[in-house]
Amino acid sequence: MSNECQIEHKKEIMAVHDTMDILNGKWKISIISSICYHNKRRFTDILNDVNGISNKMLSKELKELEINKLIKRIVLDTQPVTIHYQLTEYGLTLKTIINDLAEWGIKHRKVIIEG
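Per chain, the residues get numbers from 1 upward, laid out in the order the sequence is written. Note on the predicted model: pLDDT of at least 70 is required for a residue's local features to be given, and 80 or more for side-chain atom pairs to be given and counted; whole-chain, interface and lining totals, by contrast, use all residues. With hydrogens and water excluded, all non-hydrogen atoms of the structure serve as input to the side-chain values.

1. Points about the UniProt feature "domain: HTH hxlR-type" (unreviewed entry) in the protein chain
Next up, step 1: Under the UniProt annotation, "domain: HTH hxlR-type" (unreviewed entry) lies at residues 5–113.
Next up, step 2: In this annotation, residues 5–113 is assigned 62% helix and 14% strand; the end-to-end C-alpha distance for the span is 39 Å. UniProt positions are given in the numbering used here, feature names are shortened, and annotations may be inferred rather than shown by experiment. Under the DSSP-based scheme used, a helix requires at least four consecutive residues in state H or I and a strand at least two consecutive residues in state E, with every element numbered from the N terminus.

What follows is the structure, encoded as structure tokens:
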């Protein structure tokens, strides 16, 4: 393998590492999926979609996703106040990855069950 090729792969591996650093943990991909598949989600909707997550953890993860500009928090002036979470334009760039992960997960489950 050429030195140029090794350097390019090192960049790619580092890029994967950076991506996983942002999307790390047990919950972020599931939270993003919930919002992605439904366009807008309320806190309780996400809580119901993501099995096993606590209120406190969901709140923490939503804040981190917001800091990383993947989701936005929309406060509606209703009585009582309604809050929706939505993917940002930047967050929408993850839609292909989410769909690929779902497709792979379905195939993997078949391989494991049938194999």
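2. Some thoughts on the nonpolar core
Next up, step 1: I31, I32, I35, I46, L62 and I71 are the most contacted members of the largest nonpolar core, which has 18 residues in total.
Next up, step 2: Secondary structure elements with two or more residues in this core: α2 (28–38), α4 (55–67) and β3 (82–87).
Next up, step 3: At four residues, the largest contribution of residues to this core is made by α2.
Next up, step 4: Those residues within four positions of I35 in sequence are excluded, and the remaining contacts are K40, R41, I46, L62, I71, Y85, Q86 and L87. Working definition of a nonpolar core: buried Ala, Val, Leu, Ile, Met, Phe, Trp, Tyr and Cys residues. They are joined through side-chain atoms within 4.5 Å. Under the scheme applied here, a residue whose accessible area is under 20% of the maximum for its type counts as buried, over 50% as exposed, and between as partly exposed, the area being computed with a 1.4 Å probe on protein chains only. A contact between two residues is defined here by any heavy atoms of the two lying within 4.5 Å.

3. Let's talk about the pattern of salt bridges
Next up, step 1: We define a salt bridge as a contact between a side-chain nitrogen of Lys or Arg and a carboxyl oxygen of Asp or Glu at a distance within 4 Å. In this structure the tally under the stated criterion is eight salt bridges.
Next up, step 2: In this structure, D49 engages R41 in a salt bridge whose closest nitrogen and oxygen atoms are separated by 2.8 Å.
Next up, step 3: A salt bridge links R42 to D45, with the nearest nitrogen and oxygen atoms 3.6 Å apart.
Next up, step 4: Take D45: its relative accessible area is 18%, and that puts it in the buried class.
Next up, step 5: Shared partners join several salt bridges into a network, and the residues in it are K28, K60, E61 and E64.

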